[in-house]
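Close look at the chain arrangement
Here are the chains, one letter per residue:
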Number of protein chains: 4
Amino acid sequence: MARPLSEEKRDAILTSAAEVVAAQGVSAPTAGIAKGAGVAEGTLFTYFTTKDALLNQLYLALKDELRAALVRGYPSRGAPRDRWRHVWDSYVDWGAANPAKRKAMRQLTVSDRISPRSREIGGRGFDEVAALMEESLASGVMKTLPPDFGQAVMESLAEMTLEFMAREPGERERYKQAGFEAFWNAVSAP
Amino acid sequence: MARPLSEEKRDAILTSAAEVVAAQGVSAPTAGIAKGAGVAEGTLFTYFTTKDALLNQLYLALKDELRAALVRGYPSRGAPRDRWRHVWDSYVDWGAANPAKRKAMRQLTVSDRISPRSREIGGRGFDEVAALMEESLASGVMKTLPPDFGQAVMESLAEMTLEFMAREPGERERYKQAGFEAFWNAVSAP
Amino acid sequence: MARPLSEEKRDAILTSAAEVVAAQGVSAPTAGIAKGAGVAEGTLFTYFTTKDALLNQLYLALKDELRAALVRGYPSRGAPRDRWRHVWDSYVDWGAANPAKRKAMRQLTVSDRISPRSREIGGRGFDEVAALMEESLASGVMKTLPPDFGQAVMESLAEMTLEFMAREPGERERYKQAGFEAFWNAVSAP
Amino acid sequence: MARPLSEEKRDAILTSAAEVVAAQGVSAPTAGIAKGAGVAEGTLFTYFTTKDALLNQLYLALKDELRAALVRGYPSRGAPRDRWRHVWDSYVDWGAANPAKRKAMRQLTVSDRISPRSREIGGRGFDEVAALMEESLASGVMKTLPPDFGQAVMESLAEMTLEFMAREPGERERYKQAGFEAFWNAVSAP
DNA sequence: TATGAATGAGTGTTCATTCAT
DNA sequence: CATGAATGAACACTCATTCAT
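To start, this report covers the structure provided alongside it. (Residues numbered from 1 in each chain as written. Chains lettered and ligands numbered in written order. Predicted model: local features only at pLDDT ≥ 70, side-chain atom pairs only at ≥ 80, totals over all residues. Heavy atoms only, no water.)

**Remarks on the protein's contact with DNA strand F**
- Around DNA strand F lies a shell of 36 residues, among which A2(A), R3(A), T43(A), T30(B) and K51(B) are the nearest.
- Between DNA strand F and T43(A) there is a distance of 2.6 Å, counted from a phosphate oxygen to a side-chain nitrogen or oxygen.
- T46(C) is positioned such that a nitrogen or oxygen atom in its side chain is 3.5 Å from a phosphate oxygen of DNA strand F.
- Broken down by secondary-structure element, the contributors of at least two residues to the surface near DNA strand F are α3 (41-47) of chain A, α2 (30-37) of chain B, α3 (44-47) of chain C together with α3 (41-47) of chain D.
- Of all the elements, α3(A) adds the most residues to the surface near DNA strand F, at 4 residues. (Near = heavy atom within 4 Å. Polar contact = N/O pair within 3.5 Å; in protein donor to acceptor, adjacent residues only side chain to side chain. Helix = DSSP H or I, 4+ residues; strand = E, 2+ residues; numbered from the N terminus.)

**Considerations on the relation of the copies chain C and chain D**
- Superposing chain C onto chain D requires a rotation of 179 degrees together with a translation of 0.1 Å along the rotation axis, leaving an RMSD of 0.3 Å. Overall, the copies show the geometry of a two-fold rotation axis. For chain C, the smallest separation between a C-alpha atom and the rotation axis is recorded for A186(C), amounting to 2.3 Å.
- Most of the interface of chain C is mirrored in chain D, where 100% of its interface residues again form contacts. (Least-squares fit on C-alpha atoms with pLDDT ≥ 70 in both. Contact = heavy atoms within 4.5 Å.)

**Concerning the interface of chain C and chain D**
- Across the boundary between the two partners, chain C contributes 30 residues, which contact 30 residues of chain D.
- Both sides together, the interface formed by chain C and chain D hides about 2,500 Å², and carbon and sulfur atoms give 69% of it.
- Area buried by chain C at its contact with chain D is led by V110(C), F149(C) and M160(C), which between them contribute 22% of it.
- Across the chain C-chain D interface, the total number found is 0 salt bridges.
- Run the count over chain C and chain D and you get 2 residue pairs in polar contact (both at pLDDT 80 or more).
- Every element with two or more residues in the side of chain C that touches chain D is listed here: α1 (7-24), α6 (99-110), α8 (147-167) and α9 (172-188) of chain C.
- Ranked by the residues each element gives to the side of chain C that touches chain D, the list is headed by α8(C), at 10 residues. (Buried area = accessible area lost by both parts, 1.4 Å probe. Salt bridge = Lys/Arg side-chain N within 4 Å of Asp/Glu carboxyl O.)

**Examining the relation of the copies chain A and chain B**
- Mapping chain A onto chain B is achieved by rotating through 179 degrees and translating by 0.1 Å along the same axis, at an RMSD of 0.2 Å.
- The share of interface residues of chain A whose copies in chain B are also at the interface is 100%, consistent with both copies meeting through the same surface.

**Brief notes about helix α1 (residues 7-24) of chain D**
Residue and element names in this part refer to chain D.
- An ideal rise of 1.5 Å per residue puts 26 Å on 18 residues; α1 measures up with 25 Å between its terminal C-alpha atoms.
- Within α1 the residues assigned to the buried category are I13, L14, S16, A17, A18, V20, V21 and A22.
- Each element contacted by the buried residues of α1 is listed here: α2 (30-37), α3, α4 (51-71) and α6 (99-110).
- In the stretch just after α1, G25 is the one whose phi turns positive, near 85 degrees. (Expected span 1.5 Å × (residues − 1). Buried < 20%, exposed > 50% of the residue type's maximum accessible area, 1.4 Å probe, protein only.)

**Some details on the packing of helix α4 (residues 51-71) of chain B against helix α5 (residues 80-97) of chain B**
Residue and element names in this part refer to chain B.
- At a minimum axis separation of 8 Å, α4 and α5 run at an interaxial angle of 135 degrees. Viewed along their axes, α4 and α5 adopt a mutual orientation that is oblique. Our pair here, α4 against α5, has a crossing hand that is right-handed. Each of L62, E65, L66, A69, L70 and V71 in α4 lies in contact with α5, whose residues at this interface are H86, V87, S90, Y91 and W94.
- Residue classes in the contact of α4 with α5 are distributed as 8 nonpolar, 2 polar and 1 charged. (Axes fitted to C-alpha atoms, helices over the stretch in contact; angles between N-to-C directions. Parallel < 35°, antiparallel > 145°, perpendicular 65-115°, else oblique. Left-handed = near helix turned anticlockwise from the far one by under 90°. Nonpolar A, V, L, I, M, F, W, Y, C, P; charged D, E, K, R; others polar.)

**Digging into the interface of chain A and chain B**
- Residue-level contacts link 30 residues of chain A with 30 residues of chain B.
- Summing both partners gives a buried area of about 2,500 Å² for chain A against chain B, and 69% of it is carried by carbon and sulfur.
- When the buried area of chain A at its contact with chain B is split by residue, V110(A), F149(A) and M160(A) rank highest and sum to 22% of it.
- For the pair chain A and chain B, the number of links is 0 salt bridges.
- Where chain A meets chain B, there are 2 residue pairs in polar contact (both at pLDDT 80 or more).
- Looking at the side of chain A that touches chain B element by element, the count peaks at 10 residues for helix α8 (residues 147-167) of chain A.

**Considerations on the packing of aromatic side chains**
Residue and element names in this part refer to chain A.
- Evaluation of the coordinates by the stated rule reveals 32 aromatic pairs over all chains.
- Between the aromatic rings of W88 and F183, the centroid separation amounts to 5.9 Å while the plane-to-plane angle is 10 degrees, which identifies the pairing as stacked. Residue W88 is found in helix α5 (residues 80-97), and its partner F183 is found in helix α9 (residues 172-188); the two are separated by 95 residues along the sequence.
- Exposure remark for F183: the relative accessible area of 0% places this residue in the buried category.
- Taken together through their ring pairs, the aromatic side chains of W84, W88, F180, F183 and W184 make up a single cluster.
- Its guanidinium or amino end placed over the ring of F164, R167 lies 4.9 Å from that ring's centre, counting from NZ or CZ. (Phe/Tyr/Trp six-rings, centres within 6.5 Å; stacked < 30°, edge-to-face > 60°. Lys NZ or Arg CZ within 6 Å of the ring centre and 35° of its normal.)

**Examining the protein's contact with DNA strand E**
- Within the structure, DNA strand E sits among 34 residues, and K51(A), T30(C), A2(D), R3(D) and T43(D) are positioned closest to it.
- Backbone atoms, meaning sugar and phosphate, make up 71% of the atoms of DNA strand E lying within 4 Å of the protein.
- In the model, a phosphate oxygen of DNA strand E is placed 2.9 Å from a nitrogen or oxygen of the T30(A) main chain.
- Of all the secondary structure elements, the ones that give two or more residues to the surface near DNA strand E are α3 of chain A, α3 (44-47) of chain B, α2 (30-37) of chain C together with α3 of chain D.
- If you tally residues by element for the surface near DNA strand E, the top one is α3(D), at 4 residues.
- Looking at the surface near DNA strand E residue by residue, the classes come out as 16 nonpolar, 10 polar and 8 charged.

Listed below in structure tokens is the structure:
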């Protein structure tokens, strides 16, 4: 049955793509991505029909990885603040541990090469997360707004916090903490 | 290069660039920008030495326009909350009124073609704004954090709010209001 | 290479090649030919060392099939006109019955990928045919010309006739008849 | 008004294309065509939007040149045979004098990259020619067939004759003469 | 100064062929 | 022997920039 498509190689391409896109944007040459993955230029196209296909699948893979990080260890029975805290910490820790992936995700998010369908699927994973905690927003500012909004508040504040953490690595913990306070106040204050 | 003959033409190119970059990203061809400005392909390069130069100057021009919008009508003697409110409203109104410019700014911000120097100069304008209100943060969460941070909280929440406003135009006022509440709580809660 | 295991598979590849070349020209991908033959991409190369080898062998196979059609039922003892008529009818009938093969042959004939050697061998088969009837040209226009020429007159008129037949299927018989008259006059008139 | 598009350069590209296509077929690289024309690779695309566009326009240019050759010196008032003779001689002389153009035309004719529209336009020129002599076919074999057919008989016999002339340059005149006899008999015999 | 044709390096993608399975 | 993944040289076409007009 000849050589089977190697999951390993596919991952190497996605990993390389994340790095290269983080560094050079979505217009980075596929040749560079292939090189970074240690495969031939043509091989990339046996795993991804098109550059756009690669970018969209990278987007989904990153979203999925992040989602997995948020869910891991989620304290289902904790107090709402603790649960949000867990999500916040997971998000920020993942972002701090994977700066390239985070930057790539940002590039992809603003790119018009990510299809609406991908965006929908990519967001879908987080509906789970949103659902998990919807009830925790029964009070406070978020009362009357779609759960999307609360989630988006978290996301944008976490991104911003990560930016500061990256700029001043010595102050990481402080920013992580302050960011959460800001978020929690934003979302829960009466 | 001295002073180019026509300020008007320079502006036309910048305006076209904002539209085209908003629609197609920073990799949009200069030919399209020139066409949109009603000038010849080559003319663009008598006003901007390089595509990168154009993008950087567009970035600065947009930052400056936004800054001007924030300062206009600023109630220097008002209560802190009112002053922040003015900044918030100005930001969000400008963004809602100039969706292409905002989208272009977003594209430019994540692009690696904007030099660190441009980013610094672009931020500098806001130091004024920051300075104007530094004192207002003498209490609350922001107490012990750099004024940048408070500013960044505002910016990221405003951007996110604009996204929601664009998606559901019927709910504009509601999001604008809710966004400000979230921001104000984030930043001022004890 | 010895004798490849399956004559059947070799034929399937040649048949597929004829169809694909007819439809897409000699630049058709080998992958498509393999697929059409129901074999793997690589298998094609165990039967034909090279794409050029495949094309050349296809050319020869088609020439041979056509030659066989001309010889079948040849009335060795008939009057010259009847013999030519048999050849003409056989040629045209074969072409009408195998439009893809005929189109493929045409593509191959003008292609620079068919080697001079193949052309020579491909023509050789017809020397038999030519020889069979050489004597029939002892008079008429062809008197002083190489038998090739008479043969070529037939071939080119037959090809042209097939074109018209393909274009207007309702008039097939008429064209077939008129084509032969033209040929016969061309070749036999005093 | 900047540099105007140069008719000269366009012609150089078409001429180079004819040579390169004659030698290598329609799949010849555009780079080679550009090089042959003494222009940069990119320049080719300011004159022809697409390789297909170039091939189609080359086809039309060649058809037109041939048509012009046939019409030049046409003896409108001559006897039918003399008029056909003129057409035959013009065709064959043009083909013998421009072997590359002829070979290119042949390649283009069998290629599927020539659009039906181009074929129609390319044929259109010859309707003139056909019309010029339609009446001359009031008798003979062609009596009851479309004028296309007579024209096609001429074309295919002329092409074949050119082939023989190219193969044996010493016998040119003989083939030219014999070819015409064959054609004339084919078409006019009772 | 304004124009837009000219340039050629760079891009995504294809494809004949090889070779690990 | 059969398979199809792997390879990398081409290829058509784009685009920032230059420069003749």
